Amino acid sequence: MPAPEAERWISTFLAARAAELGAARNTQLAYGRDLLDFADWLERRDLDFAGAARGSVEDYLVHCDAQGLSQATRARRLSSIRQLYRFAVEEGWRADNPALRLKGPGRVQGLPRTLSEAEVTRLMEAARTRARNPADRLRDTALFELLYATGLRVSELVGLPVTAVRGDPRMILVKGKGGKERMVPLSAPARAALADWLASRDAVEEAGRKTGRAPSRHLFPGEGSEGHLTRQYFHSLVKDVAVLAGISPSLVTPHVLRHAFATHLLAHGADLRVIQTLLGHADVGTTEIYTHVLDDHLKDLVLTKHPLARKG
């Protein structure tokens, strides 16, 4: 465990960051883990946040590389350290930021793994038949239809309040990263699946109410401490459905379905800015990675439609 002083630095920094930026809980947890690891590393060398020099930060990054951590993880760790020290300078805890001019390993901007439209169709069909319990089949169908129709992050999906879908809305309000809200339209299949699931869910809730059980405010109730289906459970469910659909479970995650939502929309002519809004990306640059799906389509247009294209 890091020294109390290191814990104070981290907790104060994270609290200020949450208050000023409205940082998402998962992001806060990642920053906290990064800084605790750095604090432990420093402590094993009789160092601390206050006394660490630029060379210490560089040595730590070399240590992370030797551990086999990915470029993305190492880049995030440097960012965490840099932001902690920036905050420390502002608070007067340090006179300098030893990580200020360090260059990170950069991020690998790889193409997101996605699924074909036929594979998504197979997943939808498998979700309708996987569970033995009819209520679970309705829930699974609603989960998959809603995810593919909206491109929600898995935390946004499992945490949806039931009030968001009351009254058969054509659009739902979603609270995303940093508490930012956005409106997302629902497809007809998603609305139908939600209507079926709500009828089943409400019947169970009503039976529970008669026995004195408090109603759940979540669309997908769960037994966890937060009262809704957990991200881990849904991740496992996606793997099970993939196996049933005849697709390697290593190729399918909730985030891959989010990628499929974006790439299929773009391939069918949706505007990149619209997709950015639907996904809740703060920067369109994050969304531009999906343009790879247009490569073959654009190549075909040039070869077949350009007036100077060769014939034969």
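Residues numbered from 1 in each chain as written. Predicted model: local features only at pLDDT ≥ 70, side-chain atom pairs only at ≥ 80, totals over all residues. Heavy atoms only, no water.

A word on the overall build of the protein chain. Looking only at helices and strands, the protein chain has 13 helices and 2 strands in total. Across the 312 residues that make up the protein chain, the buried fraction comes to 41%. For the protein chain, the share of sequence-separated contacts (at least 6 apart) that also reach a separation of at least 24 residues comes to 59%. Total accessible area on the protein chain stands at roughly 17,200 Å², and carbon and sulfur atoms take up 54% of it. (Helix = DSSP H or I, 4+ residues; strand = E, 2+ residues; numbered from the N terminus. Buried < 20%, exposed > 50% of the residue type's maximum accessible area, 1.4 Å probe, protein only. Contact = heavy atoms within 4.5 Å. Areas by Shrake-Rupley, 256 points an atom, 1.4 Å probe, with all protein chains shown as cover.)

Ranked by internal contacts, the top residues of the largest apolar core, which has 41 residues, are L123, F144, L146, L219, F220 and F234. Listing elements by their share of this core, those giving two or more residues are α5 (117-127), α6 (134-150), α7 (154-158), β1 (171-175), α8 (188-210), α9 (231-244) and α10 (254-267). In this structure, F144 is in contact with M124, A127, F234, L237, V238, V241 and L257, ignoring residues within four places of it in sequence. One finds A6, L35, A52 and Y85 within the second-largest nonpolar core, a separate group that totals 26 residues. (Core = buried A, V, L, I, M, F, W, Y, C linked by side-chain atoms within 4.5 Å.)

A separate point is the packing of aromatic side chains. A complete count under the given rule lists 12 aromatic pairs for this structure. Between F38 and Y60, the ring centres sit 4.8 Å apart and the planes meet at 55 degrees, which makes this aromatic pair tilted. You can see F38 sitting in helix α2 (residues 25-43) and its partner Y60 sitting in helix α3 (residues 54-66), a full 22 residues away along the chain. The rings of W9, F13, F38, W41, F49, Y60, Y85, F87 and W93 are connected pair by pair, giving a single aromatic cluster. Between R8 and the ring centre of W93, over which it is positioned, the NZ or CZ distance is 4.9 Å. (Phe/Tyr/Trp six-rings, centres within 6.5 Å; stacked < 30°, edge-to-face > 60°. Lys NZ or Arg CZ within 6 Å of the ring centre and 35° of its normal.)

This model, assessed by the stated rule, comprises 17 salt bridges. One salt bridge in this structure joins D34 and R77, with 3.4 Å as the shortest N-O distance. Here D34, found in helix α2, pairs with R77, found in helix α4 (residues 71-91); they are 43 residues apart in sequence, far enough to count as distant. Judged by relative accessible area, R77 falls into the buried class, the value being 12%. (Salt bridge = Lys/Arg side-chain N within 4 Å of Asp/Glu carboxyl O.)

For the pair α6 and α8, the least separation of the axes is 8 Å and the interaxial angle reads 150 degrees. When the axes of α6 and α8 are compared, the pair comes out roughly antiparallel. Remark: the crossing between α6 and α8 carries left-handed chirality. Every residue of α8 that contacts α6 at A135, L138, R139, T141, A142, E145, L146 and A149 is listed here: P189, A190, A193, L194, D196, W197 and S200. Across the contact of α6 with α8, the residue classes tally to 10 nonpolar, 2 polar and 3 charged. (Axes fitted to C-alpha atoms, helices over the stretch in contact; angles between N-to-C directions. Parallel < 35°, antiparallel > 145°, perpendicular 65-115°, else oblique. Left-handed = near helix turned anticlockwise from the far one by under 90°. Nonpolar A, V, L, I, M, F, W, Y, C, P; charged D, E, K, R; others polar.)

In this section: unusual backbone geometry. At D46, a residue that is not glycine, the phi angle is positive and equals roughly 60 degrees. One non-glycine residue, D168, lies in positive phi territory at about 50 degrees. By the element assignment, D168 lies in the loop between α7 and β1.

Burial of the side chains of strand β2 (residues 181-185) is restricted to one face: R182 and V184 are buried, whereas none of E181, M183 and P185 on the reverse face is. Sheet topology note: the β1/β2 ladder contains 5 bridges and is antiparallel. By the bridge assignment for β2, L173 is matched with M183. (Pairing = 2+ DSSP bridges.)

Attention now goes to the packing of α5 against α10. Close contact between α5 and α10 brings their axes to 11 Å; oriented N to C, the two are set at 135 degrees. With respect to each other, α5 and α10 are oriented oblique. For the pair α5 and α10, the crossing hand works out as left-handed. Two secondary-structure elements touch here, α5 through E117, V120 and L123 and α10 through L257, A260 and H264. Of the residues in the contact of α5 with α10, the class split is 4 nonpolar, 1 polar and 1 charged.

For S56, the location among the structural elements is in helix α3. Residue classification places S56 among the buried positions, given a relative accessible area of 13%. With sequence-adjacent residues up to four places away left out, S56 is seen in contact with W41, L42 and L47.

Mean pLDDT over the protein chain stands at 85; residues scoring 70 or higher make up 86%. Looking across the protein chain, the model is least confident in helix α13 (residues 295-305), with a mean pLDDT of 56, and most confident in α6, with 95. (pLDDT = per-residue confidence, 0-100.)

Moving on: α10. Under the 1.5 Å per step criterion, the end-to-end length of α10 is 20 Å for 14 residues, consistent within 8% with the ideal 20 Å. Of all 14 residues making up α10, 11 are buried, and the element is well covered by its neighbours. By the burial criterion, the buried members of α10 are P254, V256, L257, R258, H259, A260, F261, A262, T263, H264 and L266. Packing partners of the buried residues in α10 comprise α5, α6, α7, β2, α9 and α11 (272-279). Among the residues trailing α10, G269 stands out with phi positive, at a value near 100 degrees. (Expected span 1.5 Å × (residues − 1).)

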